[in-house]
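These are the residues of each chain, in order.
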Amino acid sequence: GAVVSQHPSRVICKSGTSVKIECRSLDFQATTMFWYRQFPKQSLMLMATSNEGSKATYEQGVEKDKFLINHASLTLSTLTVTSAHPEDSSFYICSARERGTSGGGVAEQFFGPGTRLTVL
Amino acid sequence: LAKTTQPISMDSYEGQEVNITCSHNNIATNDYITWYQQFPSQGPRFIIQGYKTKVTNEVASLFIPADRKSSTLSLPRVSLSDTAVYYCLVFSGYSTLTFGKGTMLLVSP
């Protein structure tokens, strides 16, 4: 299957600093990428959806000025957590939807391995 | 978006068959049913997807009755490494995958 990578896999930063997480689709073009956040023992929560070349669409309650998303190419999306605080510590997972459809008119969505962010 | 309901947790033993049922009473005509598996500190991994009747791949089977208001993920002869959270999702075409609480499956020796 298609592969989605994330970098870094884990990051520890001081409160007030900014952290950038990269999400890449390695062997396919992704017109749409998604960013999820997962707190311990909870399910994945969608933060935002980004389409290549356009502004991201944020879910209700997600601050767009705090979580900056850039989707500059069909294989790369970045999430920047600005002025991070301890409450932003979480597991961030990106997902990419393959361009076009595959079997049955459904676009497959592939997930990255996640990035563990710890803000001290 | 069709809401899904699945058991919070299930226990099993190695070598047994595990069936996890998900209800999605308001599934729409264009909706597909898909299941993902997630291990701790990893991204979800696609298991299987179907629209109706039965779908089988190398890791699981998916049973969908005619009314499509529920589906059952069947894992044959589970092993310890199948301990994970399993998510049932309903979506159509290019809609966004929205995750529910999932089912925590614990496989014991």
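Here's a quick rundown of the structure.

Quick look at the interface of chain B and chain A now. If you look at the interface, chain B gives 18 residues, while chain A gives 22 residues. It is Tyr94, Thr96 and Phe99 of chain B that lose the most area in chain B upon contact with chain A, and together they represent 34% of the buried surface on that side. Our count for the chain B to chain A interface comes out at zero salt bridges. There are six residue pairs in polar contact (both at pLDDT 80 or more) connecting chain B and chain A.

Right, let's get into unusual backbone geometry. A cis geometry characterises the amide bond from histidine 7 of chain A onward to proline 8 of chain A, with omega recorded as 0°. Residue position: proline 8 of chain A is located in the loop between strand E1 (4-7) and strand E2 (10-13). Of note in this structure, serine 41 of chain B is not a glycine but carries a positive phi near 60°. Mapping serine 41 of chain B onto the fold places it in the loop between strand E3 (32-38) and strand E4 (45-50). Its relative accessible area of 45% is what places serine 41 of chain B among the partly exposed residues. Its identity is not glycine, yet threonine 53 of chain B carries a phi of approximately 55°, on the positive side. Checked against the element boundaries, threonine 53 of chain B lands in strand E5 (residues 53-56).

On to the pattern of salt bridges, then. Proximity of charged atoms lets side chains of opposite charge pair with each other. Residue and element names in this part refer to chain A. For the structure on display, the rule yields two salt bridges over all chains. Put simply, arginine 24 and glutamate 22 hold a salt bridge, and the shortest N to O gap is 3.4 Å. Judged by its relative accessible area of 33%, arginine 24 falls in the partly exposed class.

Ranked by size, the top nonpolar core spans 25 residues in total, and within it Val4, Trp35, Phe67, Leu79, Tyr92 and Leu117 of chain A carry the most contacts. Where this core is concerned, the elements lending two or more residues are E2, strand E3 (19-25), strand E4 (30-38), strand E5 (45-51), strand E7 (67-73), strand E8 (76-81), strand E9 (90-98) and strand E11 (115-119) of chain A. Here leucine 117 of chain A is in contact with Val11, Cys13, Val19, Val81, Asp88, Ser89, Ser90 and Tyr92 of chain A, once residues within four sequence places are set aside. Counting residues in each nonpolar core, the second largest holds 20 residues, with Val18, Leu75, Val78 and Val90 of chain B among its members.

A few words on the side chain of glutamine 37 of chain B. Residue and element names in this part refer to chain B. You can see glutamine 37 is positioned in strand E3. In terms of polar contacts, glutamine 37 uses its side chain to reach the side chain of tyrosine 86, at 3.0 Å. The residues contacting glutamine 37, other than those within four sequence positions of it, are Gly43, Pro44, Arg45, Ile47, Asp82, Ala84, Val85 and Tyr86.

Take the state of the cysteines next. What the rule picks out here adds up to two disulfides over all chains. For cysteine 23 of chain A, the disulfide goes to cysteine 94 of chain A, at an S-S distance of 2.0 Å. An S-S torsion of about 75° defines the bridge between cysteine 23 of chain A and cysteine 94 of chain A as right-handed. Here the residue cysteine 23 of chain A occupies a position in strand E3, and cysteine 94 of chain A occupies one in strand E9, the gap between them amounting to 71 residues. Of the residues examined, cysteine 94 of chain A reaches a relative accessible area of 0% and is grouped as buried. A sulfur-sulfur separation of 2.2 Å characterises the disulfide bridge that pairs cysteine 22 of chain B with cysteine 88 of chain B. The chirality of the disulfide connecting cysteine 22 of chain B with cysteine 88 of chain B is left-handed, given an S-S dihedral of about -80°. One end of the pair, cysteine 22 of chain B, is in strand E2 (residues 18-23); the other, cysteine 88 of chain B, is in strand E8 (residues 84-91), and 66 residues separate them in sequence. A relative accessible area of 0% means that cysteine 88 of chain B is categorised as buried.

Criteria and thresholds
- Residues numbered from 1 in each chain as written.
- Chains lettered and ligands numbered in written order.
- Predicted model: local features only at pLDDT ≥ 70, side-chain atom pairs only at ≥ 80, totals over all residues.
- Heavy atoms only, no water.
- Contact = heavy atoms within 4.5 Å.
- Buried area = accessible area lost by both parts, 1.4 Å probe.
- Salt bridge = Lys/Arg side-chain N within 4 Å of Asp/Glu carboxyl O.
- Polar contact = N/O pair within 3.5 Å; in protein donor to acceptor, adjacent residues only side chain to side chain.
- Helix = DSSP H or I, 4+ residues; strand = E, 2+ residues; numbered from the N terminus.
- Buried < 20%, exposed > 50% of the residue type's maximum accessible area, 1.4 Å probe, protein only.
- Core = buried A, V, L, I, M, F, W, Y, C linked by side-chain atoms within 4.5 Å.
- Disulfide = S-S within 2.5 Å.

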